[in-house]
Amino acid sequence: MKITSFNPLILSPDKDSAVKVFEALGFAVRHVLQMDVNGFPLDVTRMKNEGGFYVDIADVKAVPQDMTLIRMNVDNFDEAYAMLKEKGFVNLAGDDSSASTGRAKAATMASPSGFQICVIEHLKDQ
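Conventions we followed
- Residues numbered from 1 in each chain as written.
- Predicted model: local features only at pLDDT ≥ 70, side-chain atom pairs only at ≥ 80, totals over all residues.
- Heavy atoms only, no water.
- Pairing = 2+ DSSP bridges.
- Helix = DSSP H or I, 4+ residues; strand = E, 2+ residues; numbered from the N terminus.
- Phe/Tyr/Trp six-rings, centres within 6.5 Å; stacked < 30°, edge-to-face > 60°.
- Buried < 20%, exposed > 50% of the residue type's maximum accessible area, 1.4 Å probe, protein only.
- Salt bridge = Lys/Arg side-chain N within 4 Å of Asp/Glu carboxyl O.

## Things to note about the pairing of strand β1 (residues 3-12)
As paired strands, β1 and strand β5 (residues 67-74) are joined by eight bridges and run antiparallel to one another. Note that in β5 the partner of N7 across the bridge is R71. When β1 meets strand β4 (residues 54-59), the two strands line up parallel, connected through four bridges. Paired with S12 across the strands is D59, a residue of β4.

## A short note on the packing of aromatic side chains
Across all of its chains, the model carries three aromatic pairs by this definition. Both rings, one in F22 and one in F27, keep their centres 5.6 Å apart while their planes meet at 85 degrees; by these two values the pair is edge-to-face. Both residues of the pair, F22 and F27, belong to the buried class.

## Structural notes on the pattern of salt bridges
On inspection of all chains with the given rule, the structure shows six salt bridges. Residues R71 and D56 are paired through a salt bridge, measuring 2.8 Å at the closest nitrogen-oxygen approach. Here R71, found in strand β5, pairs with D56, found in strand β4; they are 15 residues apart in sequence, far enough to count as distant. With relative accessibility at 11%, the residue R71 sits in the buried group. Two residues, K85 and D96, come together in a salt bridge whose shortest N-O distance is 2.9 Å. Here K85 is found in helix α2 (residues 77-86), whereas its partner D96 is found in the loop between β6 (90-91) and β7 (99-100), with 11 residues between them in sequence. Because the salt bridges share partners, they merge into one network encompassing R46, D56 and R71.

Laid out in structure tokens, this is it:
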């Protein structure tokens, strides 16, 4: 398994305010992704600063306050998922399901100590 990117992912009930904070820190919006994932609307802003650091901010009204996870893009979802499970991580969906957008496959995993990783594989056209 190869990790292709690794950066903070902030879930926020007030995405616009969080974006403004990171703009003040020198981050610029790279793109905004808006789509439906398994019936759940997804609205994520990807930002990057001049040093090459990324942060993603997702609009999630269901969280009471900002929450930070790690976004880990990989070239092989199944291998990454199995490795995390071997290390004691559990899927927050409560089963072994993953979310799919048609363009990506993802699952949010929690470590035994509580930190969370959203593991994502961008699917290539066959």
